[in-house]
Amino acid sequence: MTRAAVIAGVGGHVPARVVTNDELAQRLDTSDAWIRSRTGIAQRHVVEPGVTTSDLAAEAGRRALKNAGHDTADLVIVATTSPDRPCPATAPTVAAKLGLGEVPAYDIAAVCSGFLYALQAGAAAVLAGHAERVLVIGAEAFSTLLSPTDRTTAVIFGDGAGALLLRAGTADEPGAVHHVHLASDGTMADLITVRGGGAEERSSGLPVREEDRYFRMEGKSVFFAAVRRMAQSSLTALSRTGWDTAQVDRLVGHQANTRILHAVAEQLGLPAERAVINIDQVGNTSAASIPLALAHGMATGELRTDDRVLLTAFGGGATWGAATVTWPDLPPS
Ligand code: ACO
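Within each chain, residues carry numbers counting from 1 in the order of the written sequence. Two thresholds apply to this predicted model, a pLDDT of at least 70 for residue-level local features and 80 or more for giving and counting side-chain atom pairs, whereas whole-chain, interface and lining totals are computed over all residues. With hydrogens and water excluded, all non-hydrogen atoms of the structure serve as input to the side-chain values.

### Looking at the side chain of D212
Among the structural elements, D212 can be located in the loop between helix 7 (199–204) and strand 10 (215–217). Buried, partly exposed and exposed residues are distinguished by accessible area as a fraction of the type maximum, computed with a 1.4 Å probe on protein chains only: under 20%, between the cut-offs, and over 50%, respectively. When its relative accessible area of 9% is taken as the criterion, D212 is described as buried. Counted as a polar contact is a pair of N or O atoms within 3.5 Å, where, for protein atoms, one must be capable of donating a hydrogen and the other of accepting one, and residues adjacent in sequence contribute only when both atoms are in side chains. A polar atom in the side chain of D212 sits 2.8 Å from the side chain of R216. Throughout, a residue-residue contact means that at least one pair of heavy atoms, one from each residue, lies within 4.5 Å. Each residue touching D212, except ones within four places of it in the same chain, is listed here: V194, R195 and G196. Strands are runs of DSSP state E lasting at least 2 residues, helices are runs of H or I lasting at least 4, and numbering of each runs from the N terminus.

Right, dumping it as structure tokens:
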């Protein structure tokens, strides 16, 4: 029987504070109607002062372990765009907060595609026999990257974390991770960026510009690239798995924009209802988006045991990818 990494637990966590569109419209030149119609977002969750990405990641990881009925993992991978600090990585802090001892732990930086990059790395570690159980976490305190005066980003992003626990198993089991396809194009780095805070700025010798501290995105260009690349990557992952598009029960795409998710479904020839959508409640949570949508789909019953599930994302880098999994048989998280 073909070996595979298998999903053994799922956990999602968002901070308690909710920011509605109306609340944003009180301080920015925007409206609930614009945000809903252009993005599908009704509200997002935001961390309180002092709460960081590792706090959110640890709680999601704790929930995934509990869902799996375990209290240990022997590798922790955290995908994030908003690490607690530029140095060191956030994953060792998460492992320490979970009391996992001296396990290997590292971060992955691929912005909104980060979770798929982490999933491939985690599945590969299981398949190579380097780890028995891997916590793959996507976590963001994304609000900490946003300019309070930039309406083009402030309305879109939110905070949260989601986690999967992977274990060794076989490809015919519910929960099997079948294929993860990844790609990048570094010539698109300026489309989605926080320009300051890295070697480029520090080696320039120039004073720090206030706007370079914050996240910026060329929304329109990203929109079209996201639809095209997610659809292409999905077709590659499906063909390498041996699935027809028609066999996909659920599409769990990066929750960037409801219009993007519907456009990807349309390009693949999938009915819009097959897309799992929680962006209305949580906004775009970048690397946390796919695992949070998985936790949501499990809680609502939209994801059922043995469903063929297609995951896909596009994000800064540019990076993109898609993965195929069959949904596991798990208790409610
Ligand atoms: N409220 C009101 N009006 C606004 C707002 C706002 N919050 N933001 C922009 N506008 C205005 C613009 O100024 C523009 O006005 P103009 O016509 O007078 O110039 C108008 O609305 C239209 O702006 P567009 O940017 O063209 O709006 P669009 O329909 O493209 O929606 C959005 C913008 C939501 C950002 C969309 O482009 C999008 O979702 N892009 C993709 C995001 C994405 O995929 N992200 C994934 C990767 S992100 C990552 O990796 C972290």
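### Considerations on the domain arrangement of the protein
Residue ranges labeled as domains rest on an automatic or database domain assignment. Once the domains are mapped, the protein shows domain 1 (3–170) and domain 2 (177–326). Computed over C-alpha atoms only, the centres of domain 1 and domain 2 are separated by 14 Å. Listed by partner, the interface residues are 51 residues for domain 1 and 43 residues for domain 2. Once two parts are brought into contact, the accessible area they lose, counted with a 1.4 Å probe and summed over both, makes up the buried area. Summing the contributions of domain 1 and of domain 2, the shared interface buries around 3,600 Å²; its carbon and sulfur component is 66%. On the domain 1 side of the contact with domain 2, C112, L116 and Y117 bury the most area, a combined 18% of that side's loss. A pair is scored as a salt bridge if a Lys or Arg side-chain nitrogen falls within 4 Å of a carboxyl oxygen belonging to Asp or Glu. Across the domain 1-domain 2 interface, the total number found is zero salt bridges. Between domain 1 and domain 2 we count 18 residue pairs in polar contact (both at pLDDT 80 or more) in total. Among the elements of the structure, strand 1 (3–13), helix 2 (32–39), strand 3 (43–45), helix 5 (114–127), strand 6 (133–140) and strand 7 (160–170) are those that each provide at least two residues to the side of domain 1 that touches domain 2. Looking at the side of domain 1 that touches domain 2 element by element, the count peaks at seven residues for strand 1. Residues are grouped as follows: Ala, Val, Leu, Ile, Met, Phe, Trp, Tyr, Cys and Pro are nonpolar; Asp, Glu, Lys and Arg are charged; every other residue, Gly included, is polar. A class-by-class count of the residues in the side of domain 1 that touches domain 2 yields 27 nonpolar, 19 polar and five charged.

### Quick look at the environment of R216
Tracing the backbone through its elements, the reader meets R216 in strand 10. Taking the C-alpha atoms as reference points, R216 and L146, 70 residues apart in sequence, are found 8.2 Å from one another.

### A short note on the site of the ligand
Any residue with a heavy atom lying within 4 Å of a molecule or strand is counted as near it. For the ligand, the set of nearby residues contains 28 residues, the closest of which are T30, R38, C112, K220 and N257. Taking R38, its side chain carries an N or O atom lying 2.7 Å from an oxygen atom of the ligand. Between an oxygen atom of the ligand and a side-chain N or O atom of R151, the distance comes to 3.0 Å. The protein chains shown are the only cover counted for residues, whose accessible areas, like all others here, come from Shrake-Rupley with a 1.4 Å probe. Computed on the free molecule, the ligand has an accessible area of 1,000 Å², of which 75% lies beneath the protein chains in the complex. Elements represented by at least two residues in the shell around the ligand include exactly helix 2, helix 6 (151–154), strand 10, helix 8 (219–241), helix 9 (258–268) and strand 12 (308–315). Among the elements that line the shell around the ligand, the one with the most residues is helix 8, at four residues. Within the shell around the ligand, the residues separate by chemical class into 14 nonpolar, nine polar and five charged. Composition of the shell around the ligand by domain shows at least three residues from each of domain 1 (3–170) and domain 2 (177–326).

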